[in-house]
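Residues per chain are reported as follows:
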Amino acid sequence: MSEIVSKLKPLLPDTTLLYDLSDFFKIMGDGTRIQLLWALEESEMCVNDLASLLNMTKSAVSHQLKVLRVAKLIKAQKKGKNVYYSLSDDHIKTIFQMALEHICE
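Values in this document were obtained by computation on a predicted structure and should not be read as measured data.

Participant: Explain a nonpolar patch on the surface here, please?
Facilitator: Residues Met1, Ile4, Val5, Leu8 and Leu11 make up a contiguous nonpolar surface patch of about 550 Å² in total accessible area. With respect to the helices, strands and loops of the structure, leucine 11 is situated in the loop between helix H1 (3-8) and helix H2 (15-28). On the basis of relative accessibility, which here comes to 62%, the residue leucine 11 falls in the exposed class.

This is the structure:
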């Protein structure tokens, strides 16, 4: 075994963790979900506002929001009759901003 392999092998993350990371990027890899994340980075919004902003049906927006919520990328909060969505934490905002900076270079 080479020296570099011996050095790095113990540092290799668990396979399950790497698959979870892969799933995270698959979820982020959808154009509609990226649009939703961009909008939610700017402001907390309800389904009606998101559908109007992105020119989508409420049903399509709701479906994608569920995917993002299950993946813990966004959170939901009920206010009166509406549910408002926002990014789940600053990690999501940071990842989104860093990826955007990388693309714009």
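Participant: Sorry, what's going on with the sheet that holds strand S1 (residues 45-46) here?
Facilitator: Remark on secondary structure: sheet strands pair via backbone hydrogen bonds, oriented parallel or antiparallel. Read across the open sheet, the three strands follow the order S1-S3-S2; overall the sheet is antiparallel. Pairing within the sheet leaves two strands with one partner each, and these edge strands are S1 and strand S2 (74-79). As paired strands, S2 and strand S3 (residues 82-87) are joined by six bridges and run antiparallel to one another. Following the sheet pairing, lysine 79 is matched in S3 by asparagine 82. Strands S2 and S3 of the sheet are contacted by helix H5 (residues 58-70), whose axis makes an angle of about 115° with S2.

Participant: Quick question: what am I supposed to make of the environment of isoleucine 95 here?
Facilitator: Assignment of secondary structure puts isoleucine 95 in helix H6 (residues 90-104). In contact with isoleucine 95, other than residues within four places in its own chain, are Phe24 and Met28.

Parameters and conventions
- Counting of residues starts from 1 at the beginning of each chain's written sequence and follows it residue by residue.
- Where local features are concerned, this predicted model is filtered to residues with pLDDT of at least 70; where side-chain atom pairs are given and counted, the filter is 80 or more; whole-chain, interface and lining totals use all residues.
- As a rule here, side-chain values come from all non-hydrogen atoms in the structure, and water together with hydrogens is ignored.
- Like-charged residues within 9 Å of one another, or nonpolar side chains (Val, Leu, Ile, Met, Phe, Trp, Tyr) within 5 Å, are grouped into patches, provided each residue has over 30% relative accessible area and no salt bridge.
- In this description, accessible areas are obtained by the Shrake-Rupley approach with a 1.4 Å probe, and a residue is regarded as covered only by the protein chains that are shown.
- The working definition used for a salt bridge is a side-chain nitrogen of Lys or Arg within 4 Å of a carboxyl oxygen of Asp or Glu.
- Counting from the N terminus, the helices are the DSSP runs of H or I reaching at least four residues and the strands are the DSSP runs of E reaching at least two.
- Any residue under 20% of the maximum accessible area for its type is buried, any over 50% is exposed, and the rest in between are partly exposed; the area is computed with a 1.4 Å probe on protein chains only.
- The criterion for strand pairing is that DSSP finds at least two bridges linking the strands in question.
- Whether two residues touch is decided by their heavy atoms; if any such pair falls within 4.5 Å, the residues are in contact.
- Angles shown run from 0 to 180 degrees and are taken between the N-to-C directions of axes, each axis being a line fitted to C-alpha atoms and, for helices, limited to the stretch in contact.

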